[in-house]
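The primary structure of each chain is shown beneath.
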Amino acid sequence: MSHQLDMARVRREALRWLILLTLNNARPIGAFEGLVLSVAQSEYPDATALELRRELDYLDERKLVKLAKQPSGRWHAELTRYGIDVAEYTVDCAPGISRPTKYWAG
């Protein structure tokens with residue numbers, strides 16, 4: 001059972017990093033959740049809209065992402081200044097996001 005929990009945690013944390021990278025590439029306008037989900041599904045074909053929203057909420061609570069939950073039901077997300085810094089490796093990344101170790105110079 002703990003192996004399944006570990007795999008679920010690994011997936012969540014990797015998905016959070018993928019969301020940050022996707023939104024970093026969508027700067028400065030951000031992206032609607034559908035676009036972010038399509039990127040997530042390229043890595044995790046079984047990723048769901050609910051799973052994506054759960055991780056977007058997590059990143060919003062950590063002040064890495066700014067969410068606009070529109071009356072139509074669509075969510076729009078963009079990185080905060082802090083989220084950009086995490087994506088660009090200019091600040092430390094707290095646990096909960098599986099940002100790869102920076103291996104290049106600069």
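What you see is a predicted model, and the numbers here were worked out from it, not measured in a lab.

A. Summary view of the side chain of threonine 80. Turning to its location among the elements, threonine 80 is positioned in the loop between strand E3 (75–79) and helix H4 (81–87). One polar contact links the side chain of threonine 80 to the main-chain amide nitrogen of glycine 83, over a distance of 3.0 Å. Here threonine 80 is in contact with Lys63, Leu64, Val65 and Lys66, once residues within four sequence places are set aside.

B. Highlighting the side chain of glutamate 33. Along the polypeptide, glutamate 33 turns up in helix H2 (residues 33–43). A distance of 2.7 Å separates a polar atom in the side chain of glutamate 33 from a polar atom in the side chain of arginine 53. When sequence neighbours within four positions are dropped, the list of residues in contact with glutamate 33 reads Leu52, Arg53, Leu56, Gly73, Arg74 and Trp75.

C. Seen up close, unusual backbone geometry. With an omega of 5°, the peptide bond between arginine 27 and proline 28 qualifies as cis. Relative to the assigned elements, proline 28 resides in the loop between helix H1 (2–25) and strand E1 (31–32). Backbone geometry places lysine 63, a non-glycine residue, at a positive phi of 65°. Of note in the backbone geometry, tyrosine 89 takes a positive phi value of approximately 65° without being a glycine. As for its position among the elements, tyrosine 89 is in the segment after H4.

D. Summary view of the packing of aromatic side chains. A complete count under the given rule lists one aromatic pair for this structure. The ring of tyrosine 58 carries arginine 16 above its face, with NZ or CZ at 3.5 Å from the centroid.

E. Broad picture of the pairing of E3. The element E3 is largely enclosed, with a buried count of four among its five residues. Judged from the two bridges that link them, E1 and E3 form a sheet pairing that is antiparallel. Across the sheet, the residue bridging to phenylalanine 32 is histidine 76, located in E3. Here strand E2 (residues 65–69) pairs with E3 via five bridges, running antiparallel. By the bridge assignment, leucine 67 is partnered in E3 with alanine 77.

What counts as what
Here the residue numbers are simple positions, counted from 1 along each chain's written sequence. Only residues with pLDDT of at least 70 are given local features in this predicted model, and only at 80 or more are side-chain atom pairs given and counted; all residues enter the totals for whole chains, interfaces and linings. Here the side-chain values reflect all heavy atoms present in the structure, with hydrogen atoms and water set aside. Numbered from the N terminus, helices here are DSSP runs of H or I no shorter than four residues, and strands are runs of E no shorter than two. Here a polar contact means two N or O atoms within 3.5 Å. Within protein one must be a hydrogen donor candidate and the other an acceptor candidate, and residues neighboring in sequence count only if both atoms are side-chain atoms. Contacts were defined at the residue level, with two residues in contact if any of their heavy atoms lie within 4.5 Å. Stacked, tilted and edge-to-face pairs are distinguished by plane angle, under 30 degrees for stacked and over 60 for edge-to-face with tilted covering the rest, among Phe, Tyr and Trp rings (Trp via its six-membered ring) whose centres lie within 6.5 Å. For a lysine, the NZ atom is tested; for an arginine, the CZ atom; a charge sits over a ring if that atom is within 6 Å of the ring centre and within 35 degrees of the ring normal. Here's how the labels work: a residue is buried when its accessible area is under 20% of the maximum for its type, exposed when over 50%, partly exposed in between, all with a 1.4 Å probe on protein chains only. Two strands are said to pair when DSSP picks up at least two bridges between them.

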